[in-house]
Amino acid sequence: MEVRDGVVLAIHGGAGTILRERMTPELDREYRTALAGALLAGHQVLAAGGRAEEAVVAAIRPLEDSPLFNAGRGAVLNDDGAVELDASIMLGSSGMAGAVAGVTRVRHPIEAAVRVMTETEHVLLAGPGADRFIAQQGLELAEPEWFVSPHRELQLRQLQAEDVSQVAPEGPGSGHKFGTVGCVALDIAGHLAAGTSTGGMARKAWGRVGDSPVIGAGTWAADETCAVSCTGHGEFFIRKAIAHQIHARMLHGGAGIEEAARGAVLEDLPDGGGSGGCVALDARGRFVAPFTTPGMYRGWIDARGQVTVRIHGDER
Ligand code: ASP
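Residues numbered from 1 in each chain as written. Predicted model: local features only at pLDDT ≥ 70, side-chain atom pairs only at ≥ 80, totals over all residues. Heavy atoms only, no water.

Considering the sheet that holds strand 7 (residues 192–198)
Taken in spatial order, the eight strands make up an open sheet running 5-4-3-7-6-2-12-13, and their pairing is mixed. Strands at the two margins of the open sheet, each flanked by one partner only, are strand 5 (124–126) and strand 13 (307–312). Strand-to-strand twist of the sheet, defined as the mean angle between neighbouring strand axes without regard to direction, takes the value 10°. Those strands touched by helix 1 (residues 25–47) are strand 2 (7–16), strand 6 (181–186), strand 12 (295–302) and strand 13, and its axis lies near 145° from that of strand 13. (Pairing = 2+ DSSP bridges. Helix = DSSP H or I, 4+ residues; strand = E, 2+ residues; numbered from the N terminus. Axes fitted to C-alpha atoms, helices over the stretch in contact; angles between N-to-C directions. Contact = heavy atoms within 4.5 Å.)

Some details on the packing of aromatic side chains
Counted under the stated rule, the structure contains five aromatic pairs. Ring centres of Y31 and F69 lie 5.5 Å apart, and the angle between their planes is 85°; this geometry places the pair in the edge-to-face category. Of this pair, Y31 sits in helix 1 while F69 sits in the loop between helix 2 (52–65) and strand 3 (85–91), placing them 38 residues apart in sequence. In this pair, the class of Y31 matches that of F69, namely buried. (Phe/Tyr/Trp six-rings, centres within 6.5 Å; stacked < 30°, edge-to-face > 60°. Buried < 20%, exposed > 50% of the residue type's maximum accessible area, 1.4 Å probe, protein only.)

Notes on the side chain of S66
Here S66 is to be found in the loop between helix 2 and strand 3. A relative accessible area of 12% means that S66 is categorised as buried. Those residues in contact with S66 that lie beyond four places of it in its chain are A71 and R73.

Some remarks on the packing of helix 8 (residues 242–251) against helix 9 (residues 257–271)
Packing of helix 8 against helix 9 brings their axes to within 8 Å, and their N-to-C directions diverge by 140°. If you check the angle between helix 8 and helix 9, you find them oblique. Where helix 8 crosses over helix 9, the handedness of that crossing is right-handed. Contacts between helix 8 and helix 9 pair I242, Q245, I246, R249 and M250 from the former with I257, A260, A261, G263, A264, V265, D268 and L269 from the latter. Broken down by class, the residue content of the contact of helix 8 with helix 9 amounts to nine nonpolar, two polar and two charged. (Parallel < 35°, antiparallel > 145°, perpendicular 65-115°, else oblique. Left-handed = near helix turned anticlockwise from the far one by under 90°. Nonpolar A, V, L, I, M, F, W, Y, C, P; charged D, E, K, R; others polar.)

Pasting the structure below:
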């Protein structure tokens, strides 16, 4: 498990079986460039004195626009061949949070999550009602075709032909499924924020909602403990309240972030049959990135703008 100090912002781009033999040098470069670009976008906000949640949005937006990741454009398809996007955000300073589930038209679902937090008295809006809210808010929309990439269509056809239900990180076809994106950030005022955005699981049932928009499962932030964004097989993260569990181990159990993240992600999650990972950051800039899978797209940046990007589990 990676442990670093002095981190101000970190991201993940999904956890799973990232096979070196399937990764061409060009693709490897594309992933690393995209992750570094997102880190720098978030860092720019923090360096200018921006708030943690603004940095989270700035880092997630380009990842939602990249077809490489399972969020926004390039999201996985459900069993009907449609995208249903989930996203959430939470502030460590106030505990305020916002989320959307199963939305279909907004270009940047993370912005929709922010609007739910700032413009409504609710935490989570889902389905057609959430799409209506997004349109009323005047957020940028995209045509359904904009989200759908050829490799996701191929993936769905393969899963349907093999009659494989929604794909877990380690399951067949998993080579195509990674890419939920998430970010944790610490601003100059010492406040934390976390955000997560995803298309969910490939060939998921229509209406299925995973952990990413569920506060406490896929996303959590509290200044006194940590900010967390998760990725992996969402049902298991919901059952184990993984993001909140890391916070609770710190708050009630007196654990440091390292011990708390190890206990939740590397012990309790697999105990329940789940797999995946997270990025977690405390208010002193201590950062951990545990995952049970062979790889997780991830990166972090310090206050001076020093970028680190990793993909495989054995990279040091
Ligand atoms: N956690 C996401 C979900 O279950 C998927 C992922 O992280 O790959 O919807």
